[in-house]
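The chain contents come next:
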Amino acid sequence: MLRFLPLFLCALVTVAPAADTPDALAALTYSGDPQALTALDQEIKAAGTDAAKLDAIEQRLLAVLRRSESTYAARQAAAQRLGWVLGLGAPKTSADAFKPLGAMLAEERDSDLARVALEPANGAVVDGLFVSALEKSTGRTRLGLIDSVARRRQASAVPALTRLL
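Conventions we followed
- Residues numbered from 1 in each chain as written.
- Predicted model: local features only at pLDDT ≥ 70, side-chain atom pairs only at ≥ 80, totals over all residues.
- Heavy atoms only, no water.
- Salt bridge = Lys/Arg side-chain N within 4 Å of Asp/Glu carboxyl O.
- Helix = DSSP H or I, 4+ residues; strand = E, 2+ residues; numbered from the N terminus.
- Buried < 20%, exposed > 50% of the residue type's maximum accessible area, 1.4 Å probe, protein only.
- Axes fitted to C-alpha atoms, helices over the stretch in contact; angles between N-to-C directions.
- Parallel < 35°, antiparallel > 145°, perpendicular 65-115°, else oblique.
- Left-handed = near helix turned anticlockwise from the far one by under 90°.
- Contact = heavy atoms within 4.5 Å.
- Nonpolar A, V, L, I, M, F, W, Y, C, P; charged D, E, K, R; others polar.
- Patch = residues over 30% accessible without salt bridge, like charges linked within 9 Å, V, L, I, M, F, W, Y side chains within 5 Å.
- Areas by Shrake-Rupley, 256 points an atom, 1.4 Å probe, with all protein chains shown as cover.

A. Representation of the pattern of salt bridges. This structure, assessed with the given rule, holds twelve salt bridges. The shortest N-O distance in the salt bridge between R60 and E43 comes to 2.7 Å. Placement of R60 in helix α4 (residues 51-66) and of E43 in helix α3 (residues 35-47) is noted, with a sequence separation of 17 residues between them. By relative accessible area, R60 is classed as partly exposed at 25%. A salt bridge links D127 to R152; its shortest N-O distance comes to 2.6 Å. With a gap of 25 residues between them, D127 in helix α8 (residues 124-136) and R152 in helix α9 (residues 139-152) connect regions that are remote in the sequence. Across the pair, R152 and D127 agree in class, each one buried. Here the residues in one salt-bridge network are D112, R115, E119, R140, D147 and R151, joined through shared partners.

What follows is the structure, encoded as structure tokens:
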């Protein structure tokens, strides 16, 4: 009987939906309470392939990435979840849908976060963002972009990569 007590107690705990805790996600630390992430993961799972739900989650995650007061841990977690969401949805056909991430790709501070979010996303628009960022970047940022292009096996990046040789 006692061995089932933890399962019973876990069933009684309710998790607030991610929509109710945007500040909790933005304030996330690596050693902090992961409840906001747990709720967000459950929401993503519940959304399945519903485009409207995925778009709403995508917008909230982009907002966390753009907020200056978001911790780096929060931005990293948001980028990872955004990658999952973008990978689940249908490929976007407009570069405007990725505008914030496209700008982040070429920035040294945010390039890794944008790469994490964009690598799982399908489509020629995302491929174009990587190629464009390759031309604008230097140093470690460019090496990271080359790594992402290789992981995505982007044939469209060959001319840009050839120029870099």
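B. Representation of the packing of α4 against helix α5 (residues 72-88). Interhelical geometry of α4 versus α5 gives an angle of 155° and a closest axis separation of 9 Å. When the axis of α4 is compared with that of α5, the two are roughly antiparallel. When you trace α4 past α5, the crossing you get is left-handed. Across the interface between the two elements, L54, I57, E58, L61, L62, V64 and L65 of α4 pack against A74, R75, A78, A79, R81, L82, V85, L86 and L88 of α5. A per-class count over the contact of α4 with α5 returns 13 nonpolar, no polar and three charged.

C. Spotlight on unusual backbone geometry. Of note in this structure, R153 is not a glycine but carries a positive phi near 55°. Residue position: R153 is located in the loop between α9 and α10 (158-164). For R153, a relative accessible area of 74% corresponds to the exposed category.

D. Region of the structure containing a nonpolar patch on the surface. Residues L143, I146 and L164 make up a contiguous nonpolar surface patch of roughly 250 Å² in combined accessible area. Its place among the elements puts L164 in helix α10.

E. The side chain of R81, seen in detail. Topologically, R81 is positioned in helix α5. Overall, R81 belongs to the buried group, its relative accessible area being 8%. In this view, R81 contacts L37, L40, D41, I44 and L61; residues no more than four positions away in its chain are not counted.

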